[in-house]
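Results of the structural survey
Each chain is listed here by its residues.
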Amino acid sequence: MRALIVDDSRAMRRIVGRILADAGFETVEAGDGQEALDVLASLDGDLPVLACVDWNMPVMDGLTFITQVRKQVQWRSITLMMVTTESEQDRIVRALAAGAHEYLIKPFTGDALVEKLDLLGLLPTPVGDHS
Amino acid sequence: MTIGHEAFTFVRELVRAESAIVLEPGKEYLVESRLVPLARQGGHKDVDAFVAELATRRNPASMRLVVEALTTNETSWFRDTDPFTALRQSVFPTLAKTRTKHEIRVWAAACSSGQEPYSILMTAQDTPEIAGWKIDMLATDLSLEMLERARKGEYSQLEVNRGLPATTLVRHFERAGLNWRINPALAAQVQFRQLNLMRPFPAMGKFDVVFLRNVLIYFDLATKRDILRRVRQVLAPDGHLFLGAAEMTMGVDDAWERVPAGRSSVYRIREEQRTCVP
């Protein structure tokens, strides 16, 4: 399974990338929304099942990216998760209304991201009991 | 590989200063296991390296994450997902057919900081078969501190990230400064009370559903057996018991039978035991 990570911070792309790799994903990256749209266009038929999207980025922000992706029928299968420091309630509502499926607020632990993947049905095996 | 003495001491002091929780020597394994995800996220080769950098730079955000990782009980919203799916798809619809008073009594027997009872209520609201029903929810815990937190219903950003769908977050919570507070109407539906599972239960009537998850693991066999026996006395004969994924009644109290419910399972009192509950 492939996942797209859209974040202007290379450190954050690395962190998210490592968690996703552990969960069995092959990852591709983009530094802003426009670059992410270009990546999707270039991937053609081999689309990611998941995109983790930062909100605040230069060139094109994450909300605009999500809105753009949702306009394209051929990208409808992609699950979109906002991963951002934006934590106001109306922000979350806006992102969900624009078409994000989930919303993860930074900072987060690896477990929190994995649990979101579980909620989205994107884990090969369900999260076990850690006790 | 366990955490080094120096790193353990640093973390121990940090957690004690921030939370008054004392990590006794011997808890190295706990510290290690809770901090591994943070160390990896930061790109460190191990927990020692992560703590060494933390001790030098003393980055407040990282320090807060460390304290939370060690003090947050292993509890999340809709923990393990499956029991809540079973509630919505199987247990509540089954009860809907037989509870003519349109009321369901639920006991969350080790409610910790409250995520479990609130998750049960949110699940009930999402179950069309019992729309508009009264959920009489009792939530108990041994710890007064936990009960106080649960009653307050305020959770940190880190806590609401754990297992709570974003749609549920915006529907049932509101911001309270840096935290999130559960909808007061939902909180008002829960009665919180201190209860020690090892002692005889107070008079509390019969429940249709009991959540006793991830708590039996802390007791020895005789205590487990005694608790399960007493739970039978407060469970309706056709009631449902949820245990943690790693817990079972088999070989402990065989008056129970395990019944599959979706991807998980639920425990019910065996038919022949229902009439002669001791």
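The structure we're discussing is the one just above.
As the structure is a prediction and not an experimental result, all values here were calculated from the model. (Residues numbered from 1 in each chain as written. Chains lettered and ligands numbered in written order. Predicted model: local features only at pLDDT ≥ 70, side-chain atom pairs only at ≥ 80, totals over all residues. Heavy atoms only, no water.)

Applying the stated criterion across every chain, the model contains 25 salt bridges over all chains. Of the charged contacts, one joins Asp82 of chain B and Arg263 of chain B as a salt bridge, the two residues approaching to 3.0 Å between their closest N and O atoms. Remark: Arg263 of chain B occurs in the loop between strand E9 (256-261) and strand E10 (264-269) and Asp82 of chain B occurs in helix H5 (residues 82-98); sequence separation between them is 181 residues. Its relative accessible area of 15% is what places Asp82 of chain B among the buried residues. Residues participating in the shared-partner salt-bridge network are Arg2, Glu26 and Asp46 of chain A. (Salt bridge = Lys/Arg side-chain N within 4 Å of Asp/Glu carboxyl O. Helix = DSSP H or I, 4+ residues; strand = E, 2+ residues; numbered from the N terminus. Buried < 20%, exposed > 50% of the residue type's maximum accessible area, 1.4 Å probe, protein only.)

In this section: the packing of aromatic side chains. Residue and element names in this part refer to chain B. Evaluation of the coordinates by the stated rule reveals six aromatic pairs over all chains. Centroid distance Trp107 to Phe201: 5.2 Å. Interplanar angle 80°. Geometry classified as edge-to-face. Within this pair, whereas Trp107 is found in strand E1 (residues 103-108), its partner Phe201 is found in the loop between strand E6 (190-194) and strand E7 (207-212), the two being separated by 94 residues in sequence. As far as burial versus exposure is concerned, Trp107 and Phe201 are alike and both buried. An angle of 70° between the planes, with centres 6.1 Å apart, marks the rings of Tyr118 and Phe192 as edge-to-face. In this pair, Tyr118 is assigned in helix H6 (residues 115-125) and Phe192 in strand E6, connecting sequence segments 74 residues apart. (Phe/Tyr/Trp six-rings, centres within 6.5 Å; stacked < 30°, edge-to-face > 60°.)

As a further point, take the nonpolar core. In this structure, Leu4 and Phe65 of chain A are the most contacted members of the largest nonpolar core, which totals 71 residues. Broken down by element, this core gets its largest block of residues, six residues, from H5 of chain B. If sequence neighbours within four positions are ignored, Leu4 of chain A has contacts with Val28, Glu29, Ala30, Ala36, Val39, Leu40, Pro48, Leu50, Ala51, Cys52 and Phe65 of chain A. Counting 24 residues, the second-largest nonpolar core is a separate cluster that includes Trp107, Leu197, Val215 and Leu241 of chain B. (Core = buried A, V, L, I, M, F, W, Y, C linked by side-chain atoms within 4.5 Å. Contact = heavy atoms within 4.5 Å.)

Attention now moves to the sheet that holds strand E5 (residues 102-105) of chain A. Pairing between the strands of a sheet is mediated by backbone hydrogen bonds and can be parallel or antiparallel. Residues and elements named next belong to chain A. The strand order across the open sheet built from five strands is E2-E1-E3-E4-E5, with neighbouring strands paired in parallel fashion. Every other strand in the sheet has two partners, leaving strand E2 (26-30) and E5 as the edge strands with one partner each. If you compare each strand with its neighbour and ignore which way they point, the axes differ by 20° on average. For strand E3 (residues 50-53) and strand E4 (residues 79-84), the ladder comprises four bridges, and the chain directions are parallel. When the bridges of E4 are listed, Val53 appears paired with Met82. Along the sheet, helix H1 (residues 10-22) makes contact with strand E1 (2-6), E2 and E3, crossing E1 at roughly 165°. (Pairing = 2+ DSSP bridges. Axes fitted to C-alpha atoms, helices over the stretch in contact; angles between N-to-C directions.)

Before going further, it helps to examine the interface of chain A and chain B. Facing 30 residues of chain A, the contacting portion of chain B comprises 32 residues. Across the chain A to chain B interface the summed buried area is about 2,600 Å²; carbon plus sulfur atoms make up 51%. The salt bridge involving Arg175 of chain B is made with Glu88 of chain A; its shortest N-O contact spans 3.7 Å. Here chain A is connected to chain B by twelve residue pairs in polar contact (both at pLDDT 80 or more). Top contributing element to the side of chain A that touches chain B by residue count: helix H5 (residues 110-119) of chain A, with seven residues. Among the residues making up the side of chain A that touches chain B, the classes are represented as 13 nonpolar, seven polar and ten charged. (Buried area = accessible area lost by both parts, 1.4 Å probe. Polar contact = N/O pair within 3.5 Å; in protein donor to acceptor, adjacent residues only side chain to side chain. Nonpolar A, V, L, I, M, F, W, Y, C, P; charged D, E, K, R; others polar.)

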